[in-house]
Amino acid sequence: MTTISSASTAFSGDDPRNRLFGPVPDVAGERGYGEDHPPRVGFFTDTSVCIGCKACEVACKEWNTLPMDDAEGNRAQLGLTGASYDNTGMLGANSWRHVAFVEQSRAVDLPMPTVGAPGSAGGQRPLEDPPVVHPGVPASSTTAEQSAPQQTSSGDREIRWLMSSDVCKHCTHAACLDVCPTGSLFRTEFGSVVVQEDICNGCGYCVPACPYGVIDQRQDDGRVFKCTLCYDRLTDGLQPACASACPTESIQFGDLDELRARADARLAALQDKGVEGARLYGHDEDDGVGGAGAFFLLLDEPEVYGLPPDPVVTTRDLPSMWRHVAAGAAMVVGLVASAFAGRRR
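Below: a short report on this structure. (Residues numbered from 1 in each chain as written. Predicted model: local features only at pLDDT ≥ 70, side-chain atom pairs only at ≥ 80, totals over all residues. Heavy atoms only, no water.)

### Some words on the packing of aromatic side chains
Basically, it comes down to this: Each aromatic pair joins two rings of Phe, Tyr and Trp (for Trp, the six-membered one) with centres within 6.5 Å, and gets the label stacked for planes under 30 degrees apart, edge-to-face for over 60, and tilted for any other angle. Note on conventions: DSSP H or I runs of at least 4 residues are helices, E runs of at least 2 residues are strands, and numbering of each starts at the N terminus. Any residue under 20% of the maximum accessible area for its type is buried, any over 50% is exposed, and the rest in between are partly exposed; the area is computed with a 1.4 Å probe on protein chains only.
Summed over all chains, the structure comprises 6 aromatic pairs. Between Phe101 and Trp161, the aromatic rings sit 6.1 Å apart at their centres with planes inclined by 80°, giving edge-to-face as the arrangement. You can see Phe101 sitting in strand β2 (residues 98-107) and its partner Trp161 sitting in strand β6 (residues 157-166), a full 60 residues away along the chain. By relative accessible area, which is 17% here, Phe101 ends up buried.

Following this line, the structure appears as structure tokens:
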């Protein structure tokens, strides 16, 4: 496995933001890969068609031979949270995919138990009418409509489930990579960020550096682990295991530019159908991490899914910090020099 230096000093171009934040047109090229490197790839997760089956979690664990991990981090036994159908709980060193289950309810008085696009006029279907999913057709009826709040038997509450498969974002500006002292974390020719477990020394600097709280240390040896975007499969021309296992194509893998265009079309289709709250997350290259290599279509605020609303690469302010340190040091030197000068007089 070829390593590329993790120091964030080799960026070119006239835009000074590209050193630590802002858009980077070619992340692999900026890391030293030649012009013939593959296009940047990533994930587009359309949560409107996620059914919470957790096939992606299983496929990820099977392919990467990840150990079992319960909610308490004890690998010796299966853990049950008792608080949700979701017993994975969160991303971790042994869980590189996590499907969140979010149950929402509110008081409401509906005339009949129907389901359809929130805010739409008519066109609602009875609950027994199943969702229709047509892969590759952005305007198709999906669980985005079916996930509209449904009236309970009491007639005074409506409930809906939001489900989303979370993963490492493979950020354009990856703070975990920037702070790694051993080069264990490196940028691949596909634009993803990978941990080389045999080089990791367990320092843990990358754990607090990640603005998403993705990367994690194993309790037994202290080394860090996270999603590799199935780097071994990519080098053999295969797509990641999770995307291959997803039955509804909620997890879509491919050229990142194509995925972004597809996401824009999908968002517009849902908004035209009156699906309130639909938004893209991690899609904007001008956000705090320069855009993510794994981005999402959400049906509510990011916080509802356990995602930070405005993530910022934690190394972005390093130049400013060093300038302040230098100014403080200069002030101290000046005070010491003036004290000695006064003593001589």
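What follows continues from the structure just given.
### Details of the sheet that holds strand β11 (residues 251-255)
Heads up, the condition is: Only strands joined by at least two bridges in the DSSP assignment are considered to pair. In this analysis an axis means a line fitted to C-alpha atoms, helices contributing only their contacting stretch, and an angle means the value between N-to-C directions, from 0 to 180 degrees. Whether two residues are in contact is decided by their heavy atoms, any of which lying within 4.5 Å being enough.
Spatial strand order, β11-β1-β13-β12: 4 strands in an open sheet with mixed pairing. What marks the edges here is a single partner per strand, and that holds for β11 and β12 (279-281). Going from strand to strand, the sheet's axes swing by 20° on average, the running direction of each strand aside. Pairing between strand β1 (residues 41-46) and strand β13 (residues 294-298): 4 bridges, direction parallel. Along β13, the bridge assignment pairs Asp46 with Leu297. Where helix α8 (residues 256-272) meets the sheet, it contacts β1, β11, β12 and β13, and its direction lies at approximately 135° from that of β11.

### Some remarks on the pattern of salt bridges
Put simply, the rule is: For salt bridges, the criterion is a side-chain nitrogen of Lys or Arg within 4 Å of an Asp or Glu carboxyl oxygen.
Applying the stated criterion to the full structure yields 10 salt bridges. A salt bridge links Lys54 to Glu57; the nearest nitrogen and oxygen atoms lie 2.7 Å apart. For the residue pair Lys54 and Glu57, the accessibility class agrees, reading buried in each case. Ionic pairing is found between Arg279 and Glu301, a salt bridge with its closest N-O pair at 3.2 Å. On the criterion of sequence distance, the pair formed by Arg279 in strand β12 and Glu301 in the loop between β13 and α9 (318-344) is long-range, its members being 22 residues apart. Judged by relative accessible area, Arg279 falls into the partly exposed class, the value being 26%. With relative accessibility at 38%, the residue Glu301 sits in the partly exposed group. One salt-bridge network, in which partners are shared between bridges, spans Lys54, Glu57 and Asp86.

### Re α8
So the rule is basically this: What a helix is expected to span follows from its residue count: subtract one and scale by 1.5 Å.
If you check α8, its first and last C-alpha atoms are 24 Å apart, about what 17 residues at 1.5 Å a residue would give, namely 24 Å. Listed as buried for α8 are Leu256, Leu259, Arg260, Ala263, Arg266, Leu267, Ala269 and Leu270.

### A closer look at helix α2 (residues 55-64)
As a reminder of what qualifies: Our arc is simply the arc of the directions from the helix axis toward the C-beta atoms.
Of all the residues in α2, the buried ones are Cys56, Glu57, Ala59, Cys60 and Asn64. Along the long axis of α2, the arc covered by the buried residues comes to 165°, so they all point the same way. A positive phi of about 45° marks Thr65, the residue just after α2.

### Examining empty space enclosed by the protein
As a reminder of what qualifies: Here a cavity is any set of points on a 1 Å grid over the protein atoms alone where a 1.4 Å probe fits but cannot get out, and a pocket is any open set with protein on both sides within 12 Å along at least 5 of 7 lines; a residue lines the site when it has an atom within 4 Å of a point. Grid points are joined across faces, edges and corners, and a volume is the space filled by probe spheres set on the points. The nonpolar class holds Ala, Val, Leu, Ile, Met, Phe, Trp, Tyr, Cys and Pro. Asp, Glu, Lys and Arg form the charged class, and all remaining residues, Gly among them, are polar.
Scanning all chains against the criterion turns up 5 cavities of 30 Å³ or more. Computed from the structure, the largest cavity encloses a volume of approximately 110 Å³. Forming the boundary of the largest cavity are 13 residues, of which Cys168, His170, Cys171, Cys176 and Cys210 lie nearest the centre. Looking at side-chain class alone, the lining of the largest cavity contains 10 nonpolar, 1 polar and 2 charged residues. Of the voids in this model, the second largest cavity is the one considered here, and its volume is about 90 Å³. If you trace the second largest cavity, you find 14 residues lining it, with Cys50, Cys53, Cys56, Cys246 and Pro247 closest to the centre.

Honestly, that's just the spatial picture; any functional story needs more than this.
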